[in-house]
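# Topology and contacts: notes
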Amino acid sequence: MLNVEGMEQKRLKLPIGIQTFERLRLGSYVYVDKTKYLVDLIDMGSIFFFARPSRFGKSLTVSTFEALFSGKKELFEGLYAEEFMNRPDFRPSPVIRLDMSDITTNKGIEQFESALKWMTLEVADNMGVEVPKD
């Protein structure tokens, strides 16, 4: 693809199946900036429940929040949220993300509790936090 001056442009890929903000931004995918809405939610300072059908962007939204709160400024260059991250009171924060998509819920409450416990211990270990194993 050539632009008007005859210089070659990089062709962007469609982000089909991409569920992480970092992969989307670093992988030359098409991205429509929706970070204004996330900053607006943060500024409202309330509790939100996102109930949407499958394939409506919940995982990507959570991944974007995770990158934002973790302070990954390079991912937000040129996006609305870049200004949010440059606010004087902005401080990166530890993010605890529990991905429930791998937990099986049809094998009983004991299996669910075990999987949730394992996931929590793994997150704590990755963050360098000691928690009782029981």
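Let me begin by describing the structure that accompanies this report. Here the residue index of a chain counts from 1 through its sequence in written order. Reporting in this predicted model follows two pLDDT cut-offs: at least 70 for local features of residues, and 80 or more for side-chain atom pairs to be given and counted; totals over whole chains, interfaces and linings ignore these cut-offs and use all residues. Where side-chain values are given, they derive from all heavy atoms of the structure, hydrogens and water being excluded.

Three or more residues of helix α2 (residues 35-44) are buried, namely Thr35, Leu38, Val39 and Leu41. Buried residues in α2, looked at end-on, bunch into an arc of 155°, giving them a common side. Facing away from the buried side of α2, by more than 90 degrees, are the exposed residues Tyr37 and Met44. Packed against the buried residues of α2 are α3 (58-70) and α4 (81-85). The rule is simple: take the accessible area with a 1.4 Å probe, protein chains only, and divide by the maximum for that residue type; under 20% is buried, over 50% is exposed, in between is partly exposed. A helix here means a DSSP run of H or I that spans at least four residues, while a strand means a run of E at least two residues long, and both kinds are numbered starting from the N terminus. Comment: arc refers to directions from the helix axis out to C-beta atoms. By definition, residues are in contact when any of their heavy atoms lie within 4.5 Å.

A separate point is the pattern of salt bridges. Only one rule defines a salt bridge in this text: a Lys or Arg side-chain nitrogen within 4 Å of an Asp or Glu carboxyl oxygen. Scanning all chains against the criterion turns up four salt bridges. With a closest N to O distance of 3.1 Å, Glu22 and Lys72 form a salt bridge. Remark: Lys72 occurs in the loop between α3 and α4 and Glu22 occurs in helix α1 (residues 21-26); sequence separation between them is 50 residues. With its nearest N and O atoms 3.0 Å apart, the salt bridge here joins Glu66 to Arg97. Here the residue Glu66 occupies a position in helix α3, and Arg97 occupies one in the loop between α4 and α5 (109-126), the gap between them amounting to 31 residues. Look at Glu66 and you get partly exposed, because its relative accessible area is 25%.

Note on aromatic contacts: the rings of Phe and Tyr and the six-membered ring of Trp form a pair at centre separations within 6.5 Å, being stacked when their planes are under 30 degrees apart, edge-to-face when over 60 apart, and tilted otherwise. Applying the stated criterion across every chain yields a total of four aromatic pairs. Each ring, one from Phe65 and one from Phe69, has its centre 6.0 Å from the other, and the planes form 10°; the classification is stacked. With Phe65 and Phe69 both in helix α3 and four residues apart, the pair spans about one turn of that helix. We classify Phe65 as buried; its relative accessible area is 15%. For Phe69, a relative accessible area of 30% corresponds to the partly exposed category. Lysine and arginine charges are scored as sitting over a ring when NZ or CZ, respectively, is within 6 Å of the ring centre and within 35 degrees of the ring normal. Positioned over the ring face of Tyr29 is Lys13, at 4.7 Å from the centre of the ring.

Structural measurements only, silent on function.
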